[in-house]
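So the chains spell out like this:
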Amino acid sequence: MTALTPQNWVIGNWKLNPYFNEAKQLFSAIAQQYQNQAELQTCHVAIAPPAPYLSFFATQQTLPIVAQDVSTIRGQGAYTGEVSADLLKETAVELVLIGHSERRELFGDDAEKLQQKIKNALQAGLTIVYCVGESLVQREAGQAQSVVIRQLQELADVTHDTEWKNIIIAYEPIWAIGTGKTASPQDAQQMHAAIRVYLQTLTTTANRIPLLYGGSVKPENAVELAACADINGALVGGASLDAASFISIIQAFAQ
Ligand code: PGA
């Protein structure tokens, strides 16, 4: 990688799927194909399994493992049910999703909570995959860019200059997640370019930050998305639950 080139990443977000036996088979199928096909390895690949499986997969040390969430609490203590960034780091988890729209919409992750999670994760030495994206109503009202820029500002407010190297951004228009609708490559590229320009106002390392697209990425649209100048990979939900589909998305971003 040159100083000015972001690395490509394809990350499988399994959400609350699948049951453990199936998860083990899926994980080995992906890890084996990735390891056996040298041409795929120009693209980084990581998997975000459900929380109970994190340590099992992380200790295999085949693919980097991503937590789907992290606590607003640091370290350890009397916080029933919480999982801190420090514990994730200790169990060899390397990355964490923060700000996924499902967390924002269904579980009350507002800006304040997200900023606490970001600070905790960065301090623990995790890499953050920070998700941004507008709703359909916001897009139709012409607010897509301003919503995304505000979400990035919330990230920037708690990020030190030296920490940008530990940040990946995922642009996921909410209306495209799990719906089968994808942003057109032109719309996605336009937003990614705007994100890049905004990041350039925040850090001199902006050109190295991987900008992933997410929202119904599948083998059928991955090649076109991968051809866009500012799209450096994908955050894949549904299609990451099928090894063959996921591998062909990796192939698209490995070229
Ligand atoms: P999808 O999910 O690929 O199923 O649309 C993407 C995501 O939510 O990260």
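Being a predicted model, the structure only gives us computed values, none of them experimental.

Colleague: Would you explain the UniProt feature "active site" (unreviewed entry) in the chain in this entry?
Modeller: When the UniProt feature table is mapped to this numbering, "active site" (unreviewed entry) covers H100 and E172. The named residues occupy 73 residues along the chain; their greatest pairwise C-alpha distance, 8.3 Å, places them in one compact cluster. Those residues in contact with H100 that sit more than four places away from it in its chain are N13, K15, C131, E172 and I177. Dropping the residues within four chain positions of it, E172 is found in contact with H100, C131, V132, G133, I177, G214, G215 and L235.

Colleague: How should I be thinking about the pattern of salt bridges in this particular structure?
Modeller: A side chain with one charge can pair with a side chain of the opposite charge if their charged atoms come near. Inspection of the entire model under this criterion finds 10 salt bridges. Here R103 ties to D69 by a salt bridge, and the two come within 3.4 Å at their closest N and O atoms. Remark: D69 occurs in the loop between β3 (66-67) and α3 (85-90) and R103 occurs in helix α4 (residues 101-106); sequence separation between them is 34 residues. Note on R103: relative accessible area 24%, which makes it partly exposed. Assessed through its relative accessible area of 26%, D69 is described here as partly exposed. R103 is the salt-bridge partner of D109, the closest N and O atoms lying 3.9 Å from each other. Given a relative accessible area of 6%, D109 falls into the buried group. Residues joined by salt bridges that share partners form a network here, namely D69, R103, D109 and K117.

Colleague: Looking at this structure, I do not really get the packing of aromatic side chains. What am I missing?
Modeller: Under the definition given, this model contains seven aromatic pairs. With a centroid separation of 4.8 Å and 35° between ring planes, the pair formed by F20 and Y53 is classed as tilted. Of the two residues, F20 is situated in helix α1 (residues 20-36) and Y53 in the loop between β2 (43-48) and α2 (54-58); the sequence distance between them amounts to 33 residues. A relative accessible area of 31% means that F20 is categorised as partly exposed. Y53 gets classed as buried once you look at its relative accessible area, which sits at 12%. Measuring from centroid to centroid gives 5.1 Å for F20 and F56, while their planes differ by 80°, and the two rings are edge-to-face. Residue F20 is located in helix α1, and its partner F56 is located in helix α2; the two are separated by 36 residues in the primary sequence. A residue is classified by how much of its surface remains accessible, and F56, at 35% relative accessible area, is partly exposed.

Rules and cut-offs
- Residues numbered from 1 in each chain as written.
- Predicted model: local features only at pLDDT ≥ 70, side-chain atom pairs only at ≥ 80, totals over all residues.
- Heavy atoms only, no water.
- UniProt positions renumbered as here; feature names shortened; annotations may be inferred.
- Contact = heavy atoms within 4.5 Å.
- Salt bridge = Lys/Arg side-chain N within 4 Å of Asp/Glu carboxyl O.
- Helix = DSSP H or I, 4+ residues; strand = E, 2+ residues; numbered from the N terminus.
- Buried < 20%, exposed > 50% of the residue type's maximum accessible area, 1.4 Å probe, protein only.
- Phe/Tyr/Trp six-rings, centres within 6.5 Å; stacked < 30°, edge-to-face > 60°.

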